[in-house]
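Coordinates in review
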Amino acid sequence: MLAQAATIPALVTPTGRDLLGLLPELILGAAFVLLMALDAFLPSTRRSWLAVVAFISLAAAFGASMWGWFDSGSGRTLYFGAFAYDRYSMFVNAILLVSSALVVIISPQYLNRRGIHHGEYYALILASTTGMMILAGAMNLMVIFLGIELLSISLYVLSGFSRGDERSQEAALKYLLLGGFASGFLLYGMALVYGETGHTQLAQIGLALRAAQTSSVDPLVLVGVILVFIGFAFKVSAVPFHTWTPDVYQGAPTSVTTFMSVTTKVAAFAALVRVFTYTFPYVYTHWQVIVSLVAILSMLVGNIAALTQTSLKRMLAYSGIAQAGYILIGVAVDPRVALGTIGVLYYLAAYAVTNIGAFAVITVMAGRGEDLDSYSGLRGLAFRRPYVAAAMGLFLLSLGGFPPTAGFFGKFFVFAAAIKTGLTPLAIWGIVTSAVSVFYYLRVALLMYQRPAEDEREYAWSRTSLSAGIVLAATTAGTLVLGIFVFLLYNAASAAQSGLLPAIASSSG
Amino acid sequence: MISTGLFPYMLGLSAFLFTVGATGVLIRRNPLVVFMCIELMLNAGNVALIAYGRFLNSVEGQIFAFMVIIVAAAEVVVGLALITQIFRLGRELDVDDISEMSE
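Residues numbered from 1 in each chain as written. Chains lettered and ligands numbered in written order. Predicted model: local features only at pLDDT ≥ 70, side-chain atom pairs only at ≥ 80, totals over all residues. Heavy atoms only, no water.

Observations regarding the overall build of chain B
Scanning chain B from N- to C-terminus turns up three helices and zero strands. The N-to-C order of helical and strand elements in chain B reads α-α-α. Looking at chain B as a whole, 43% of its 103 residues qualify as buried. Here the contacts in chain B between residues at least 6 apart in sequence split such that 57% fall between residues at least 24 apart. Roughly 5,300 Å² of accessible area belongs to chain B as shown, and the carbon and sulfur atoms make up 68% of that amount. (Helix = DSSP H or I, 4+ residues; strand = E, 2+ residues; numbered from the N terminus. Buried < 20%, exposed > 50% of the residue type's maximum accessible area, 1.4 Å probe, protein only. Contact = heavy atoms within 4.5 Å. Areas by Shrake-Rupley, 256 points an atom, 1.4 Å probe, with all protein chains shown as cover.)

Shown next as structure tokens:
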């Protein structure tokens, strides 16, 4: 076999159907180029126009994704199996695009106030979103790697977007070094998986693992699987790979933190589910322990560390680490049970609306030229900005998992899946740590309803602008709708799960 | 034409490079050196990909390695720009000192 030259597949060109299936990604890619060109010609006072262009392209990509939802039906692959055209990727696209659009709405005012309103910002947001959508649809190890790197490299630049601010630069460098470290693990894991199964296409890897299952599992495959998991765990900021999260979230400009805290997690979890639950189900018994362990640690460390914070951004960073732990429960359940994946999808949507809302409030807090995010700034907020305070209170309740908010049902489905598959200890651990989390969420909520001390300096809250109002209203509505009309999204998530590619294991129930 | 006998050594080399890179990231303090160690980790992945590609007689490993080279180049551009910017802000280049934010 080795004496022959390597077999090179016949030169094949993508068809129109392949390109049409990639329409959302292509729209954003084209808009990226357009924005970079426009930025060169627009006067600096007209930068908000770029936000409008970015918003329109995100809306167009959203429309294309919705069309893809109906067109893809039971799902097929594009580009000879390298990319999935199924409802799952369209569902994730929708979450990503809505999140990015909300961030784009809130950005111009915030960037202007901080004095960092440069045109590349919107182009980078679009590039990063494109990477996330590629990651959500990737069915080939190379495509996964490229998607992760496209989203990450754009985010490294965005984290350091405030060029004169040492904290922002520090955040960018930390993110870059630890992100690169994670890429190293991911790549080496992919190399081992490719080498030991002989394929880079997820569908074929899954089949090779199924065939190998009858004999014994190659230990190098398992090492590869674990290294790939470590790479993803860095991206979703799960313990013990979370150390970068608080510093990066705090140092990066708040609008960037809003963006990355939500969308990175959504995209990375989408790929994690596709790779682990649907490609590696035949080595489930081997990775289940590790995923569960990381979930348990994330819930513990995230919630305990969040208790002692005095910065809102750091508190939300640790809360995000804990939320990653809850979502990981949905990954750790038996791949044959569909509720795990549905729970993950529901949780991601709930987390997206809630967290964007909470960060939007911090964006409104930002002062001229700097970010302000201390707890003391919130004191007495309810008396000066009753609506903002009420919205923030709702987001905090949702993050804590109170009914009737989105966060409650996110946790509910994930815990239900764990109980259904005999992972009851994980669910109990999740409930216990959720109870701990109520302390720090309610501490912030109560602070807003306290009268400020007589001698305390009045916190300079700027007027809530129309754009911030729109975002807060949309996220509040989203949090309530997902918490009350549960079956709207549950049915969609269930439809997304049923067509998920690669369909190697027969999943039921 | 490489012989099958060489394959374990190539895999061993890539594992060695990966370990050196990962250890370097954890123990070195200069961001430039840390960055070089990350490149070492990525290139360890490349060596493994190419070795496997040769062993399996498939081109996928080599194509993957090309992609990684391109990605690594893009990462270097961003990384060096950031390190230069931090240097211009008048900081010592030591990752232990870069800690404006505390627990």
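Picking up after the structure, the text goes on.
Concerning the packing of aromatic side chains
Residue and element names in this part refer to chain A. This structure, assessed with the given rule, holds 28 aromatic pairs over all chains. Taking the centre distance of 5.5 Å and the plane angle of 70 degrees together, the rings of Phe412 and Phe413 count as edge-to-face. The buried category is assigned to Phe413, whose relative accessible area is 8%. Ring pairs connect the aromatic residues Tyr346, Phe408, Phe409, Phe412, Phe413, Phe487 and Tyr490, which therefore count as one cluster. (Phe/Tyr/Trp six-rings, centres within 6.5 Å; stacked < 30°, edge-to-face > 60°.)

Concerning the interface of chain B and chain A
If you look at the interface, chain B gives 52 residues, while chain A gives 53 residues. Surface buried jointly by chain B and chain A totals about 4,500 Å² across both partners, of which 72% is contributed by carbon and sulfur atoms. One can count zero salt bridges joining chain B with chain A. Connecting chain B to chain A are seven residue pairs in polar contact (both at pLDDT 80 or more). Counting only elements with at least two residues in the side of chain B that touches chain A, the list comes to α1 (7-27), α2 (31-56) and α3 (60-88) of chain B. (Buried area = accessible area lost by both parts, 1.4 Å probe. Salt bridge = Lys/Arg side-chain N within 4 Å of Asp/Glu carboxyl O. Polar contact = N/O pair within 3.5 Å; in protein donor to acceptor, adjacent residues only side chain to side chain.)

Quick notes on unusual backbone geometry
All names here are of chain A. Here the residue pair Val239 and Pro240 is connected by a cis peptide bond, since its omega of 5 degrees sits within 30 degrees of zero. Positionally, Pro240 belongs in the loop between α9 (219-235) and α10 (244-251). Along the chain, Leu501 connects to Pro502 via a cis peptide bond; the corresponding omega equals -5 degrees. Take Pro502: it is sitting in the segment after α20 (486-498). With a phi angle near 50 degrees, Tyr79 is a residue other than glycine that sits in the positive phi range. Summarising the element assignment, Tyr79 is placed in the loop between β1 (76-78) and β2 (83-85). Positive phi outside glycine occurs at Ser237, with the angle close to 50 degrees. As for its position among the elements, Ser237 is in the loop between α9 and α10. Judged by relative accessible area, Ser237 falls into the buried class, the value being 1%.

Comments concerning α3(B)
When the terminal C-alpha atoms of α3(B) are compared, their 42 Å separation across 29 residues agrees well with the 42 Å that a helix rising 1.5 Å per residue should span. Two residues or fewer after α3(B) comes Gly90(B), characterised by a positive phi angle close to 85 degrees. (Expected span 1.5 Å × (residues − 1).)

With respect to the confidence of the model for chain A
Confidence in the prediction of chain A, expressed as mean pLDDT, is 89, and 93% of residues score 70 or more. When the criterion is pLDDT under 50, residues 1-6 of chain A qualifies, and its contacts beyond four places in sequence or with other chains add up to 12 contacts. (pLDDT = per-residue confidence, 0-100.)

Regarding the packing of helix α12 (residues 284-307) of chain A against helix α18 (residues 424-448) of chain A
Residue and element names in this part refer to chain A. Contact pair α12 / α18: the axes reach a minimum separation of 9 Å and the direction vectors enclose 20 degrees. By the angle class used here, α12 and α18 are roughly parallel. In the crossing of α12 with α18, the sense of the turn from one axis to the other is left-handed. Between α12, through Ser292, Ile296, Met299, Leu300, Asn303, Ala306 and Leu307, and α18, the contact on the second element is made entirely by Leu426, Trp429, Gly430, Thr433, Val436, Ser437, Phe439, Tyr440 and Arg443. (Axes fitted to C-alpha atoms, helices over the stretch in contact; angles between N-to-C directions. Parallel < 35°, antiparallel > 145°, perpendicular 65-115°, else oblique. Left-handed = near helix turned anticlockwise from the far one by under 90°.)

Description of the pattern of salt bridges
Residues and elements named next belong to chain A. Applying the stated criterion across every chain yields a total of eight salt bridges over all chains. Among the salt bridges present, the one from Glu120 reaches Arg163, with a minimum N-O distance of 3.8 Å. Taken as a pair, Glu120 in helix α5 (residues 120-137) and Arg163 in the loop between α6 (141-159) and α7 (166-197) lie far apart in primary sequence, 43 residues in all. The class for Glu120 is partly exposed, based on a relative accessible area of 25%. Across the pair Arg314 and Asp247 runs a salt bridge, and its minimum N-O distance is 3.0 Å. Taken together, the residues span a long stretch of sequence, with Arg314 in helix α13 (residues 312-332) and Asp247 in helix α10 at a distance of 67 residues. Several salt bridges converge on common partners, so that one network encompasses Glu170, Lys174, Asp247 and Arg314.

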